[in-house]
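Commentary on secondary and tertiary structure
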Amino acid sequence: MIELKNLGKKYKSKNLEIVAIEDVNLTIKDGEIYGIIGLSGAGKSTLVRCINLLEIPTLGQVIIDGEDITKISRKKLLELRRSIGMIFQGFNLLEQRTVIRNVMFPLEIAGEKLDKAKTRAMELLKLIGLEDRASSYPSQLSGGQKQRVAIARALATNPKYLLCDEATSALDPNTTRSILDLLKQINDTMGVTIIVITHEMRVIDQICDRVAVLDQSRIAEEGKVSEVFINPKSKIAKELIFPDKKANFEIHGGRRIRLTFHPDYSMEPLISEMILECQIPISILFADIKEIDGGSYGQMIVELPSENKDAEKIITWLTNSVIEWQEEV
Amino acid sequence: MFSEMFLKLWNNGIIQKGIWETIYMTFLSSAIAYVIGLPLGVILNVTGKEGIRPMPILNRILGFIVNFFRSIPFIILMVAMLPVAKLIVGVSLGNKAMIVMLVIASTPYIARMVESSLKEVNAGVIEAAQSMGTNNIQIICKVLLPEAKPALITGAVISMVTILGYSAMSATIGGTGLGQIAISYGHQRFNSDVTWCCVFLTVIIVQIIQEFGMWIAHKTDKRIHD
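Quick caveat: nothing in here was measured; it's all calculated off a predicted structure. Throughout this document, residue positions are counted from 1 along each chain, in the order its sequence is written. Whichever chain is written first becomes A and whichever ligand is written first becomes 1, with later ones labelled in order. Totals for whole chains, interfaces and linings use every residue, but because this is a predicted model, local features are given only for residues with pLDDT of at least 70 and side-chain atom pairs only at 80 or more, for both listing and counting.

With respect to the interface of chain A and chain B
- With 19 residues of chain A at the interface, the matching set in chain B holds 20 residues.
- For the side of chain A that touches chain B, the secondary structure elements donating two or more residues are α2 (74–81), β6 (84–88) and α3 (99–109) of chain A.
- In this classification, the charged set is Asp, Glu, Lys and Arg, the nonpolar set is Ala, Val, Leu, Ile, Met, Phe, Trp, Tyr, Cys and Pro, and all remaining amino acids, among them Gly, are polar. A class-by-class count of the residues in the side of chain A that touches chain B yields 9 nonpolar, 6 polar and 4 charged. Any pair of residues counts as being in contact when their C-beta atoms, constructed from backbone geometry, are within 7 Å of one another. Put simply, DSSP H or I for four residues or longer makes a helix, DSSP E for two residues or longer makes a strand, and each gets a number counted from the N terminus.

Now the structure itself:
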């Protein structure tokens, strides 16, 4: 279990103090995939680096399995880092080493014998499906393959945790999907707790159990992915869930409400029923469907007629229906 | 076609000896200069602001010393360092003393060359290694130096060519080699064919070092080719 308590990090230069993260409190349970989402500059990268102390927090505690690691010796910290794998947006493979020697690298560092390290590395290459590229160099691989090698390398020392810093941001959608599937598989079969940092909602949708939304150095909201998705409370969460929706719809005077469709009713023509029964036209401003935990969650923003009576009629209909709704501000 | 002087020098094996002396001074000086310059460059890199172990005061002191020696023209440095050569090898004349000069002059240059080669190593790769629990010595030996290897070899080639140039200059205060032949037999005795012959031979040596060095650098670099 990883607990972050009252965590803060400030950078000081001569006449300027930059707050990277502030007052962060999080608990990441063993075995889950935890997402941290935010726009660039929100402090995500700093936050994830505080977990393995690549960045030293200026305030607060990082408690891993009950031990506050900000207080342990450097020697113990180096050992601890072997139980926390990490992968990066830029893959960061050693360019002058072959694929297999990249995977062997952390084992070498840990003082593992050469033949044992080789066997373990081959096992991992098999897992990621690149055993035939063992003696290739990173420059001969595609982005997705490089990230797979980086994953194998991060897993070499059998870590309990895996930190992913924008691991799919440099990849195309199909490759992203396959890397996320691999992470999910690693989580399922090896029980590795995974912490995913991203600015892309689809990454959170696809694999995360819980999510924290980071905004301007602080956690804006946190919870189960489906809950945050159905009922985002913070402005930033709404923006991330509807990335294409630029908040400036022309307001014609009508109220705008946001409808959420639960997967159980995804096959029913709810909107048609509403319009037919109320006999009132509405305009649809935004609509989207997302897959979370195998279910399809629909989101729609509609504008009600400016006539108050008509609007109330629809509201009443909605309140009695299975659709969840919320006034958009 | 050749002057009498040239044939005399050739027949007595003086030019051949000059070639050998130039090569031997260049290689030996480079080797010794790298023994000192490589660690110095590593220290400059790791203690720098962006390094893996920033130590601003040490970095500034070393940086100052390096800059100080680099800013003195070689010909002046040579004269100034004669007593030092005498202190180290017991003589202030001849090849032994010249090698001391060449090492003193080229070490700071090499240190900067090494420092900048190491700077080329992707910071992300260093960070990835740190995330695996590497200590700083392991980062230097297993990440920085191997990843910077092609740049280091290229730097070594450039350094050696510079040292070869210095070795010719050292002839003015008692060094030997092709430079000395060019000056004392060619220039001072008005045998321009001797001078040009020395220039030509120097060009060939430089070309060989350059081509061979770059070939190795390219061969060992795994980033570009299959």
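A closer look at the sheet that holds strand β3 (residues 33–38) of chain A
Residue and element names in this part refer to chain A.
- A pair of strands is labelled paired if DSSP reports no fewer than 2 bridges between them. Pairing in this open sheet of 6 strands is mixed, and the strands run β6-β7-β8-β3-β9-β10 from one edge to the other. A strand with exactly one partner marks an edge of an open sheet, and here the two such strands are β6 and β10 (218–224). Strand after strand, the sheet turns through a mean of 15° between neighbouring axes, direction not considered.
- As defined by bridge partners, strand β7 (residues 161–165) adjoins strand β8 (residues 193–198) across 5 bridges and the pair is classed as parallel. Bridged to Tyr-161 within β8 is Thr-193. To get an axis, a line is fitted to the C-alpha atoms, and for a helix only the part in contact is used. The angle between two axes follows their N-to-C directions and goes from 0 to 180 degrees.

A few points about the pairing of β7(A)
All names here are of chain A.
- Neighbour counting defines burial: a residue surrounded by 20 or more other C-beta atoms within 10 Å of its own C-beta is buried, one with 12 or fewer is exposed, and intermediate counts give partly exposed, using backbone-placed C-beta atoms. In terms of residue burial, β7 counts as a mostly covered element, since 5 of its 5 residues are buried.
- Here β7 shows a buried face lined by Tyr-161, Leu-163 and Asp-165 and a second buried face lined by Leu-162 and Cys-164.
- The sheet contact formed by β6 and β7 spans 5 bridges and is parallel. Looking across to β7, one finds that Ile-87 is bridged to Cys-164.
- By convention, orient the strands away from the viewer: a clockwise path from the first strand over the helix to the second makes the crossover right-handed. The parallel pair β7 and β8, bridged by helix α6 (residues 173–190), forms a crossover whose chirality is right-handed.

Digging into the packing of helix α5 (residues 143–155) of chain A against α6(A)
All names here are of chain A.
- One can describe the packing of α5 onto α6 by two numbers: an axis separation of 10 Å at closest approach and a directional angle of 15°. Between α5 and α6, the interaxial angle falls into the category roughly parallel. In this structure, α5 meets α6 at a crossing whose hand is right-handed. Of the residues in α6, those touching α5 at Gly-143, Gly-144, Gln-147, Arg-148, Ile-151 and Leu-155 are Thr-175, Ser-178, Ile-179, Leu-182 and Ile-186.
- For the contact of α5 with α6, the class distribution of residues is 5 nonpolar, 5 polar and 1 charged. The labels follow the angle: roughly parallel below 35 degrees, roughly antiparallel above 145, roughly perpendicular from 65 to 115, and oblique for the rest. Left-handed describes a crossing whose near helix is turned anticlockwise from the far helix through less than a right angle; right-handed describes the clockwise counterpart.

Topic: the sheet that holds strand β11 (residues 256–261) of chain A
Residue and element names in this part refer to chain A.
- Spatial ordering of the open sheet is given by β12-β13-β11-β14, a layout of 4 strands whose pairing is antiparallel. Edge positions in the open sheet fall to β12 (283–292) and β14 (324–327), since each of these has one partner strand only. The mean inter-strand angle of the sheet, taken between neighbouring strand axes irrespective of direction, is 15°.

Here's the deal with the domain arrangement of chain A
Residue and element names in this part refer to chain A.
- Segmentation into domains, and thus their bounds, comes from an automatic or database assignment. Once the domains are mapped, chain A shows domain 1 (2–240) and domain 2 (244–327).
- Tallying the contact residues gives 5 residues for domain 1 and 7 residues for domain 2.
- Per-element accounting of the side of domain 1 that touches domain 2 gives the leading share, 4 residues, to helix α8 (residues 225–230).

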